[in-house]
Amino acid sequence: LAEPGAVVAWRSDKPYEAALTVDLSEAASGGSVTISGLTVRHSSPSIAQNYAVYVPPPSRAASATKVELRDLDVSSSSGSGLGVEGGDVTLLSSKVHDCRNHGLVFLGPTARGAVRGCELAKNKLDGVLLR
């Protein structure tokens, strides 16, 4: 849980660098991860798979792990706000706005989740892209 007013600001000249990556690729068993209360600002050159917050596919053992993102304020001046390429991700009571691409992206056969009580606004492309 972040302290009120906590900001993760990531500006990079290297491509494909997320401001926050929730990496469960080496996790051994299921469980849960909660990230709450952050403001995330992102800029990294590239177009495809360029996310402020990135959840890559988890390990097979961790595929039952649930990721909860709560009370976030996310924007990306160069890409999408949240990219989920695998796992079970729930976004709650959050704002995803002013992204150069999509607000939320769920890609691939193992990406699943829910969006509840969120505001998606002023994103250049889709608010939510499911592919």
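Just above, that's the structure.
My aim in this report is to walk through the structure given alongside it, one point at a time.

**Some points on the overall build of the protein chain**
Helix and strand counts for the protein chain come out as 0 helices and 14 strands. Each helix (α) and strand (β) of the protein chain, taken in turn from the N terminus, gives the series β-β-β-β-β-β-β-β-β-β-β-β-β-β. Relative to a compact globule of 131 residues, whose C-alpha radius of gyration would be 14 Å, the protein chain shows 13 Å and is just as compact. Taken along the three principal axes of its C-alpha coordinates, the protein chain extends 35 × 30 × 25 Å. Buried positions account for 46% of the 131 residues belonging to the protein chain. On the protein chain, roughly 6,800 Å² of surface is accessible, and the fraction owed to carbon and sulfur atoms is 51%. Side-chain charges of the protein chain comprise 13 positive and 13 negative groups, with the mean position of each set lying 5 Å from the other.

**Brief notes about the sheet that holds strand S9 (residues 87–92)**
Where strands meet in a sheet, backbone hydrogen bonds hold them as pairs that are either parallel or antiparallel. In space, the 4 strands of this open sheet follow the order S3-S6-S9-S12, with parallel pairing throughout. Edge positions in the sheet fall to strand S3 (32–36) and strand S12 (111–116), since each of these pairs with one other strand and no more. Across this sheet, the average inter-strand angle for adjacent strands is 15 degrees, counted without regard to direction. In terms of strand pairing, S9 meets S12 through 6 bridges, oriented parallel. Residue aspartate 88 lies in a different strand from S12, and its bridge partner there is arginine 112.

Rules of the game
Here, residues in each chain are numbered from 1, in the same order as that chain's written sequence. Restriction of local features to residues with pLDDT of at least 70 applies here, the model being predicted, together with a cutoff of 80 or more for giving and counting side-chain atom pairs; totals for whole chains, interfaces and linings are based on all residues. Only hydrogens and water are set aside when side-chain values are computed; all heavy atoms of the structure are taken into account. Secondary structure counts use DSSP, requiring at least four H or I residues in a row for a helix and at least two E residues in a row for a strand, with both numbered from the N terminus. Radius of gyration here is computed from C-alpha atoms only, and the compact-globule reference equals 2.2 Å multiplied by the residue count raised to the power 0.38. Exposed residues in this analysis have more than 50% of their type's maximum accessible area, buried residues have under 20%, and partly exposed residues fall in between, with area computed by a 1.4 Å probe over protein chains only. Areas reported here follow the Shrake-Rupley algorithm with a probe of radius 1.4 Å; residue values treat only the protein chains shown as occluding. Positive charges come from Lys and Arg alone, negative charges from Asp and Glu alone, with His and the N- and C-terminal ends not counted. A single reference atom marks each charge: NZ on Lys, CZ on Arg, CG on Asp, CD on Glu. For two strands to be treated as a pair, DSSP must find no fewer than two bridges joining them. Helix axes are fitted only over the stretch in contact, all axes being lines through C-alpha atoms; the angle between N-to-C directions runs from 0 to 180 degrees.

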